[in-house]
Each structure stands twice: as C-alpha cells, then as structure tokens.
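Here are the chains, one letter per residue:
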Number of protein chains: 2
Amino acid sequence: MSWQDKLRQVQPYIAGEQPRIQNLIKLNTNENPYHPGIKVKEAIQRFDASKLSLYPRPDADELRQALADYHHVSEQQIFIGNGSDEVLALLFLTCFNGEAPVLFPDISYSFYPVYCDLYQIPYQKIPLNEQFEIVKEDYYQENSGIIFPNPNAPTGLCVSLHMIEDILKHNQESIVVIDEAYVDFGGESAVSLIEQYPNLLITQTFSKFRSLAGIRLGVAIGSQEVIARLYDVKNSFNSYPIDSLAQVIGLASMQDSDYIQDNAQKIIATREYTKKQLKKLGFEMPDSKANFLFIKHPHYDAQTLFEKLRERGILVRYFHQPRIEQYLRVTIGTQQQMEIFIEEMKKILEEEI
Amino acid sequence: MSWQDKLRQVQPYIAGEQPRIQNLIKLNTNENPYHPGIKVKEAIQRFDASKLSLYPRPDADELRQALADYHHVSEQQIFIGNGSDEVLALLFLTCFNGEAPVLFPDISYSFYPVYCDLYQIPYQKIPLNEQFEIVKEDYYQENSGIIFPNPNAPTGLCVSLHMIEDILKHNQESIVVIDEAYVDFGGESAVSLIEQYPNLLITQTFSKFRSLAGIRLGVAIGSQEVIARLYDVKNSFNSYPIDSLAQVIGLASMQDSDYIQDNAQKIIATREYTKKQLKKLGFEMPDSKANFLFIKHPHYDAQTLFEKLRERGILVRYFHQPRIEQYLRVTIGTQQQMEIFIEEMKKILEEEI
C-alpha cells in the first residue's frame, strides 16, 4: 500500500466564485449588502492587538451567553463554530452515526452530500415535489438523521413550524436539523420547539443576517445533551476555533441587533420590489422568504442569461444540476443594485428577441 | 436505535486552563510573552470593517504566497488552517487511511490519540527511551503514518534532520508528519527535505513564534500532491476557515519577521538563563530547544510544586500521566517573569524543607 493509497479521496464542495473584479455587482453568494454596523467597527478599532499573543477563550463564553439571551435559552444550549459550515461539518460527524441513510431534499444546500461523502455516512436525497416543496410524509421512514434548510436554499421556500413539528413527531429516534441560515429574512424560527424536542437541532449563521460572512461565526441551538456532545467532538477536533477578534466582533454585533434588523427589513422590501419587476419581465419563481430569489424565464436559457449578466458586471449563481439547470439564484443587494440588475436584465431580454 | 445511540462518543482533548485571573504569570500554554508586533497592530487599525459583509478569500492566497516565499517553496506546497490543531485534525483525516496503526511517541502532543479516537484510526504509542528520546528504529515497522513534534512536546528535545531522513527512508509508503510548532526556538526545520520526500508533511503555527495564538493560523508544508488532497478534504469540511481579519493579520506578521525573530532570540536567552537557575535549585530537565522547559526535582513532588506556584499567582502545566507525573512544563515568559518564577520557586523549596 503506497502513501498515495492512504490518502482520502473526496469530491469537495465548490463554493460560489469570489472574483476580484472592481465595481462588480456581486449577487452570487448571498452576502448582505449592508455593512455590519458601527459597533463592530468600534470593537475592531478598540481591540488591543497585544492580546493576540494569548489563546482565545476556548468556548467564546461571552458570545455564547449573548446568543443564549437573544434566543431565550441557556448558555449550555448554544454551540459556536467557525462559520455554519464548520458547525454543519461537526454536526454530521457527531449526530448522524446510524446504519440507515440520512435524509435531505434533492434540491438543497449542496454541501450536505459532501459531508456525507467525507465521513462515509449513507444518505438519501428526497425529491422535492414539482413546486419545489418539501413533502413531510417522505420523511416518515427509517433514517439516521434529517436535515433541511428553512427557508430552503436555493429555492427560498419556507415550511411551517407545524410541519416541522409533524416531522419531529414522526422522528423521535433521530436528530432533526433545521438549517436556519436565512430565517431572519421572513421565515419563522423553530427555536421555540427546542424545549419540547431534545432531538431538534437548529443552525444559524452571522454571515447573512448580521453581515459578517468575513468573520466566520456559526451557531447551533439545541438541547443541553446534544450541544454537550457537539462540544466533545469539537474538542476532539480543535480547542480554539473562534479567534479573539471574532469573539469581540460577534459580541458587538449582538449588541447592534436593532440596526441589523433594520437592514433585514430593507432587504425584504427590496426583495419584494425585485420579485415584482422580474415577474413583469416574465420570470417565474418560488415565493422566496430568503435574501435571494430563484428565478426562471420560460423563453430564455438560464446559462445564457448568467453569462450575459456577467459580461455586464453582474454576478449571479448558476447551478449545473438536474431539475434546476434553467434557474438562476440572485442574491438581494441594495435597492440601487437591484434596480441596475433589473435594468440590465431588461436590455438582455430585448437583445435576445 | 434512539437518537442518543446515533451520537458519537469521544474523549475530548483537554487544553491547558485559561483562567481569568488578574496579574497571573501565565506559563502554562506556551504562549509568547511578547506582543505580535506593530505591523499587526496597524493592520487591525487600518482594517475596513465594512468588508466583513463579504466572504473571505477562500484559500487565503496572499498569505499563502507570503508563506511560500518565506519557506522557499511554491504556493501549491502551502496549506493554511484555523490554527495548527485544525491542520492536524484535517491531516489525520486526509493522510492516515491505512489498516496498520499510526505511530507516535508515548510522550508527545496528547491531541494525537484524540484525533485517532475521533476518526477511529488505529494507532500505536511508541515509548520514548529513558532519556525521553525518540529511537528511530522503533519506527521501522508497518504503519499507516508517523507523526511527532520536533522539538517534541512536552520534553523540548530535538531530533536531527539526519534522523528524520533515516525515518523517511524507512517509511516511503506512509506520510511522515513533523510537527514543528516550536521549531523556531532553536530547532532545525525539515522543510529542506520536502523536495526529496513527497511523503513528508510539516506543520507549523503562528501561535508561538509569531505571538498570534489569539488569531488561529496553522500551516502545513509538503508536496503539491499531498497539499492538494488536504485542500480537497478542507473543502469538504469548511470552504472559508480563515476569516478576513486573520488573513490580514497573518500577512502583517509575515512582513514583520525580523521583529519576531528578535523576540525568539530573547526567549532563547531567557530559557538558557532559566535552565541555569533551575539547575542551581537542583532541578533536572531535558535540554529543551522550545519555548518551555520540562522540569523535575529529585526531592519535591511535582503536583505539590504546581499547586504552591498557583497559590503564588504562577500557572505552569502539570500532566496526570504515566512516566511524567513528576514533571512540570514551564513556558518561557519574559526575563522579568522568569526571575519572579525562580524567586518564588526558591521560596517554595525553602518552605518545604
């Protein structure tokens, strides 16, 4: 057996491109168009660089307490990781150790099957229906765990808490994970169900709602028992995943939630404006409650539109994937950015005729 | 099978304590007593907080290039992770996938067996000899990988590049990892051997030499082939592990290497002073080339000394572990801190008589 044979073979997740083009209107990775707030800025300015010679607080306890207060749970019900991707990666390793497959929708966050491949966890993709909706009965079967985003990505569609509760009731022998990366743009959080269902785990992120994609903070909220086991695995992986500056920045953001909530309201208003304009241009789309739209035109090829937008300095996301190869995912930017987007899209459609 | 049965059971690594006591002389987690430098400070001051709404550069390419230049290798031979603990965690998952055990010393970084337990990798601890030295012939047996720190922790002892080359020659079918967390305090790096041995992987960290434990930056240096596979696994785990501020801070540190090298020289001088003073007090120790000493007194119990130092506001590291339960690991602080340490130790020994 050569050393090459001892290396793990995986098909990695491919994130949206991050090109360094000036003046690009970047609508491809669901970033928040507004800055993270004056309190974050001040926290960085005030930060004493000499402290960096010391290790950070291992469990980011102040930030953990602030999150607990925000969500009305105890500190022991909060887990913090290096971005919600790391939270998800550790959660797959911690929670999904049965023989049966882990279940998630066929159209969903495409990192889920990558985690399964990495850890050799069996999984089954459950097709959404024709309207891209989750059909709860499909999840009433033996499994080693269930995970889906709510709102779902890249569709933006929400399921009700009532449906989540039905899925929980039918799955009391598995961990059910609701990935709430986009919940703050019009969805309803399932945090209220945690007291009742110790097998429910919720993930959230500072990347979208809190405009902090650059700092990498992800969160899991669940029962003390599950959170403690997540920390055991985290402490078998990396003692100090959250650096000292990230802890201070996260805390400053938690103290600026009103400003951040206002930004979310602006994004929601711009989303609804963009929906309306796109429908006028003949686009079809699910009724997104996230900070992106998932759009399709009956007469124009999605990949062609993607390329023509790119030529005009507007970057959106195109997925080479079955069922959705005629869709584009468009992040909601500022009102001004979306007006330019609509303007340019109009020109492209006119050209194409 | 209940949801609890699907949770992974592990015995996590326990890091040195990080108490929040004012005026503590903290000599327990091998942190650098000097601040990370004026360039790091300026980089934080200059940082534009509004950039944090965007994702970081996925592979920290500027920092990667700076590290490549520093080590005289290509960018494709550098891997960057969220602290060297994450680098090690991903490396165990990527590189050690054989049937035979992974080999490492019995007295070494105690995170190694934790990673093995986490991923269910078989391992075998190879006893150091009576002088705490690595015996190279012990590593001439079938294995799925070899890892040891050089200098070793917590002993501080180095092996020669000649010995490393012998181990490489006898292990051309496994990845051999040299963990160089402490190499810059008097050891000799094996980076020069990388061209010749594509199965050699070296890990380093910004935490000790560069006074940046608070920011979490770890590095692996190896052949393009191994580094590419590490990135595949990293991209199956977390797309953006290095946040934007950490990238900027790391880069600033790379541009301040002369200042950092001066600090290392000061630490080395203080270490040699401390060795001499401790020997005068009757302590025995291996000849450490790291930023810590591993000390034992023939007449005084190590745990008692640990506790008495703590009462006097000095924190060192004590390990409840076979073979080393009569040793203390003492980080080298500033000259002034070490003079206080010696002073207090004298008083304790006098009291005990």
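Computed from a predicted structure; not experimentally measured. (Residues numbered from 1 in each chain as written. Chains lettered and ligands numbered in written order. Predicted model: local features only at pLDDT ≥ 70, side-chain atom pairs only at ≥ 80, totals over all residues. Heavy atoms only, no water.)

### Points about the interface of chain B and chain A
Here's step 1: On the chain A side, the residues contacting the 88 residues of chain B number 88 residues.
Here's step 2: For chain B, the biggest contributors to the area lost against chain A are Trp3(B), Tyr55(B) and Phe237(B); these three give 11% of the whole.
Here's step 3: Counting every contact that joins chain B to chain A gives 0 salt bridges.
Here's step 4: Here chain B and chain A share 48 residue pairs in polar contact (both at pLDDT 80 or more) between them.
Here's step 5: Elements represented by at least two residues in the side of chain B that touches chain A include exactly α1 (38-46), α2 (61-71), α3 (83-95), α4 (112-119), α6 (224-234) and α7 (244-254) of chain B.
Here's step 6: Taken together, the residues that form the side of chain B that touches chain A break down as 41 nonpolar, 30 polar and 17 charged. (Contact = heavy atoms within 4.5 Å. Buried area = accessible area lost by both parts, 1.4 Å probe. Salt bridge = Lys/Arg side-chain N within 4 Å of Asp/Glu carboxyl O. Polar contact = N/O pair within 3.5 Å; in protein donor to acceptor, adjacent residues only side chain to side chain. Helix = DSSP H or I, 4+ residues; strand = E, 2+ residues; numbered from the N terminus. Nonpolar A, V, L, I, M, F, W, Y, C, P; charged D, E, K, R; others polar.)

### Considering the pairing of strand β7 (residues 200-205) of chain A
All names here are of chain A.
Here's step 1: Most of β7 is tucked away, with 6 of its 6 residues classed as buried.
Here's step 2: Side-chain alternation along β7 places Leu200, Ile202 and Gln204 on one buried face and Leu201, Thr203 and Thr205 on a second face that is also buried.
Here's step 3: In this structure, strand β6 (residues 176-179) lies alongside β7, joined through 4 bridges in parallel fashion. Among the inter-strand pairings, Asp179 is bridged to a residue of β7, identified as Thr203.
Here's step 4: Relative to strand β8 (residues 218-222), β7 runs antiparallel, the two being bridged by 5 bridges. Paired with Thr203 across the bridge in β8 is Ala220. (Buried < 20%, exposed > 50% of the residue type's maximum accessible area, 1.4 Å probe, protein only. Pairing = 2+ DSSP bridges.)

### Comments concerning the relation of the copies chain B and chain A
Here's step 1: Expressed as a screw operation, the relation of chain B to chain A combines 0.0 Å of axial shift with a rotation of 180 degrees, fitting to an RMSD of 0.0 Å. Within this description, the copies of the chain are treated as partners about a two-fold rotation axis. Residue Gln45(B) of chain B places its C-alpha closer to the rotation axis than any other residue of that unit, at 2.8 Å. (Least-squares fit on C-alpha atoms with pLDDT ≥ 70 in both.)

### Some remarks on the side chain of Thr270(A)
Here's step 1: Along the polypeptide, Thr270(A) turns up in helix α8 (residues 257-280).
Here's step 2: The residues contacting Thr270(A), other than those within four sequence positions of it, are Ile332(A), Gly333(A), Thr334(A), Gln335(A) and Met338(A).

### Focus: helix α8 (residues 257-280) of chain B
Note on helix geometry: an α-helix contains 3.6 residues per turn, so any two residues three or four positions apart are oriented the same way.
Residue and element names in this part refer to chain B.
Here's step 1: The terminal C-alpha atoms of α8, which comprises 24 residues, lie 35 Å apart, in line with the 34 Å expected from a rise of 1.5 Å per residue.
Here's step 2: Restricting attention to buried positions, one finds in α8 the residues Ser257, Ile260, Asn263, Ala264, Ile267, Ile268, Thr270, Arg271, Thr274, Lys275, Gln277 and Leu278.
Here's step 3: The positive-phi residue at the C-terminal boundary of α8 is Gly282, with phi of around 95 degrees. (Expected span 1.5 Å × (residues − 1).)

### Quick word on the sheet that holds strand β9 (residues 292-295) of chain A
Sheet strands associate in pairs through backbone hydrogen bonding, adopting either a parallel or an antiparallel arrangement.
Residues and elements named next belong to chain A.
Here's step 1: The strand order β9-β12-β11 describes an open sheet built from 3 strands, whose pairing is antiparallel. Each end of this open sheet is capped by a strand with a single partner; those strands are β9 and β11 (317-318).
Here's step 2: Where β9 meets strand β12 (residues 328-331), 4 bridges bridge the pair, whose relative direction is antiparallel. Bridge pairing in β12 places Leu293 opposite Val330.
Here's step 3: Along the sheet face, helix α9 (residues 302-311) touches β11 and β12 and points at about 35 degrees away from the line of β12. (Axes fitted to C-alpha atoms, helices over the stretch in contact; angles between N-to-C directions.)

### Quick word on helix α9 (residues 302-311) of chain B
All names here are of chain B.
Here's step 1: Where α9 is concerned, the buried positions are Ala302, Leu305, Phe306 and Leu309. Along the axis of α9, the buried residues cluster in a sector spanning 105 degrees; they form a single face.
Here's step 2: Gly313 lies just past α9 and shows a positive phi near 80 degrees. (Arc of directions from axis to C-beta.)

### Digging into the packing of aromatic side chains
All names here are of chain B.
Here's step 1: Applying the stated criterion across every chain, the model contains 37 aromatic pairs over all chains.
Here's step 2: A centroid spacing of 4.3 Å and a plane angle of 15 degrees characterise the contact between Tyr13 and Phe111, whose relative ring orientation is stacked. Within this pair, whereas Tyr13 is found in the segment before β1 (25-26), its partner Phe111 is found in the loop between β3 (102-105) and α4, the two being separated by 98 residues in sequence. An identical accessibility class is assigned to Tyr13 and Phe111; each is buried.
Here's step 3: Summarising the aromatic geometry, the rings of Tyr182 and Phe292 are spaced 4.9 Å apart at their centres and angled 85 degrees between planes, so their arrangement reads as edge-to-face. (Phe/Tyr/Trp six-rings, centres within 6.5 Å; stacked < 30°, edge-to-face > 60°.)

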